[in-house]
Amino acid sequence: MKEIVLSGIRSTGNLHIGNYFGALRNFIKMQDENDCFFFIADLHSLTTHPDPLNFHENVKTVLSEYLASGLDPEKSVIFVQSTVPEVSELYTLMNMWSYVGELERTSSFKEKVRKHPNNVNAGLLTYPVLMATDILIHRANRVPVGKDQEQHLEMARVFARRFNSLYNVDFFPEPSAYNFGTELVKVPGLDGSGKMGKSEGNGIYLADDEKTIRKKVMKAVTDSGTVDAGATMSEPVQNLFTILQLVSSNEVVQFYMEKYRAGEIRYGDMKKQLADDICKVTLPIRERILEIKDNEKYLNETVKYGAEKARKSASKTLAEVKKIMGFKWN
Ligand code: AMP
């Protein structure tokens, strides 16, 4: 049976190959097997008070990059959160069966309070309520989440159960995590250790041009290249191989692995190959990003089309929720 899968997408920052191989590639596959909703969470981003001058442009960039990578508005419902006003209405209702104590206890809230003590706004506190609203409004069964989001998904389950029991109905399904199985990869950075990330400043971006990619790869940290029998591979070199495995053919990986084991590897050659193969994946996407970002008409139509489809599903849920709660005027 097809499942309803929903995933939120942050509304700022360019996508790097960690996002592509860690998440997007799976989203693209999911579209063929499920009824998918992908939305750009622009309301969520308001907790940090984004500059109105960049606000729209940021959403446009993220949307263009997702579309260019292969999210398909014909296969999935791709929408911008704020274009579906039903979300805000259900969020208001959901706040009535969310308790301040449980919201204050979420680890993401506690972390935000620690990091930004001067901006502890109510939107931050009710962030998990809005997240749960995003999920429940489409009555989604599955949500692809990373480890850091598991607590939010658990809260969505709590809110769903609470509504069902408060009104003695079996209305909201309890959403569970979408499991990618063994396909979940962690893409490392090229700076020796840790994962590739926006805040780590070590990303190779889908929108990077060829020269930038080559420069970044050639600067990647390696080691002295001497291999002692039985010694484990150093982390920076393991990281290079991890990315090589994602972008290159098995033969290429095999070739460099044998060279490494024989103590004959020349990291300069391996990096050149790695840069070539990263470019093969990202440059066609970059071309589409530039095309799509330039095509205001296409972007407007896509957002309008997505909003229509999302509103159809959202308004149905909202009407039923209001009926259950006893609203009768409409
Ligand atoms: P973020 O860029 O942190 O907002 O992450 C967006 C999505 O990309 C999440 O599903 C992450 O799990 C995924 N992601 C981010 N960085 C990596 C990485 N280095 N390797 C694998 N997946 C990643």
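Residues numbered from 1 in each chain as written. Predicted model: local features only at pLDDT ≥ 70, side-chain atom pairs only at ≥ 80, totals over all residues. Heavy atoms only, no water.

With respect to burial, strand β2 (residues 35-40) is a largely interior element, five of its six residues being buried. The pairing of strand β1 (residues 4-9) with β2 spans six bridges and is classified as parallel. Within β2, the position partnered with V5 by the bridge is C36. Tracing the backbone out of β1, into helix α1 (residues 17-33) and back to the parallel element β2 gives a crossover that is right-handed. Sheet analysis places β2 next to strand β3 (residues 77-80), joined by four bridges and oriented parallel. For F38, the partnering residue across the bridge sits in β3 and is I78. (Buried < 20%, exposed > 50% of the residue type's maximum accessible area, 1.4 Å probe, protein only. Helix = DSSP H or I, 4+ residues; strand = E, 2+ residues; numbered from the N terminus. Pairing = 2+ DSSP bridges. Right-handed = clockwise from strand over helix to strand, strands pointing away.)

Take the site of the ligand next. As a matter of local geometry, the ligand sits amid R10, H16, G18, N19, G22, A23, V185, K186, V187, K195 and M196. G18 places a polar main-chain atom, nitrogen or oxygen, 3.3 Å from a nitrogen atom of the ligand. Within the contact set of the ligand, a nitrogen atom lies 2.8 Å away from a backbone nitrogen or oxygen of M196. Considering the ligand on its own, with 480 Å² of exposed area, one finds that the protein chains cover 68% of that surface. (Near = heavy atom within 4 Å. Polar contact = N/O pair within 3.5 Å; in protein donor to acceptor, adjacent residues only side chain to side chain. Areas by Shrake-Rupley, 256 points an atom, 1.4 Å probe, with all protein chains shown as cover.)

Moving on: the environment of N58. Counting through the fold element by element, N58 comes out in helix α3 (residues 52-69). Of the residues examined, N58 reaches a relative accessible area of 26% and is grouped as partly exposed. Measuring from C-alpha to C-alpha, the distance between N58 and T126 comes to 23 Å, with 68 residues separating the pair along the chain. Setting aside its immediate chain neighbours within four residues, N58 contacts S11 and T12. (Contact = heavy atoms within 4.5 Å.)

In this section: the packing of helix α11 (residues 235-247) against helix α12 (residues 250-261). It is the contact of α11 with α12, at a shortest axis distance of 9 Å, that shows an interaxial angle of 160°. Judged on the interaxial angle alone, α12 and α11 are roughly antiparallel. The way α11 lies across α12 gives a crossing that is left-handed. Contacts between α11 and α12 pair V237, F241, L244 and Q245 from the former with V252, V253, Y256, M257 and Y260 from the latter. Per-class residue counts for the contact of α11 with α12 are eight nonpolar, one polar and no charged. (Axes fitted to C-alpha atoms, helices over the stretch in contact; angles between N-to-C directions. Parallel < 35°, antiparallel > 145°, perpendicular 65-115°, else oblique. Left-handed = near helix turned anticlockwise from the far one by under 90°. Nonpolar A, V, L, I, M, F, W, Y, C, P; charged D, E, K, R; others polar.)

Helix α8 (residues 127-136) sits mainly inside the fold: eight of its 10 residues count as buried. P128, V129, L130, A132, T133, D134, I135 and L136 are the residues of α8 that are buried.

Attention shifts here to the environment of M1. Residue position: M1 is located in the segment before β1. Of the residues examined, M1 reaches a relative accessible area of 95% and is grouped as exposed.

Despite not being glycine, H49 shows a phi value in the positive range, around 55°. Relative to the helices and strands, H49 is located in the loop between α2 (42-45) and α3. For H49, a relative accessible area of 55% translates into the label exposed. The backbone of N168 shows a phi angle near 55°, a positive value even though the residue is not glycine. Within the secondary structure layout, N168 lies in the loop between α9 (150-166) and β5 (176-177).

Quick look at the domain arrangement of the protein chain now. In terms of domains, the protein chain is made up of domain 1 (4-186 + 296-325) and domain 2 (210-290). Contacts between domain 1 and domain 2 engage 10 residues on the former and 10 residues on the latter. Taking both sides of the interface into account, the surface hidden between domain 1 and domain 2 amounts to around 770 Å²; carbon and sulfur atoms contribute 80%. Sorting the residues of domain 1 by area buried against domain 2 places I17, F21 and A68 first, and these three jointly supply 59% of that buried surface. Our count for the domain 1 to domain 2 interface comes out at one residue pair in polar contact (both at pLDDT 80 or more). If you list the elements that add at least two residues to the side of domain 1 that touches domain 2, you get α1 and α3. (Domains from an automatic or database assignment. Buried area = accessible area lost by both parts, 1.4 Å probe.)

So, on to the pattern of salt bridges. The final tally for this structure, using the stated rule, is 20 salt bridges. The salt bridge partner of K272 is D276, with a shortest N-O separation of 3.8 Å. You can see K272 and its partner D276 sitting in helix α13 (residues 267-294), four residues apart, about one turn around the helix. Between D277 and K280 there is a salt bridge whose closest N-O contact spans 3.4 Å. One end of the pair, D277, and the other, K280, are both in helix α13, three residues apart, so they sit about a helical turn from each other. (Salt bridge = Lys/Arg side-chain N within 4 Å of Asp/Glu carboxyl O.)

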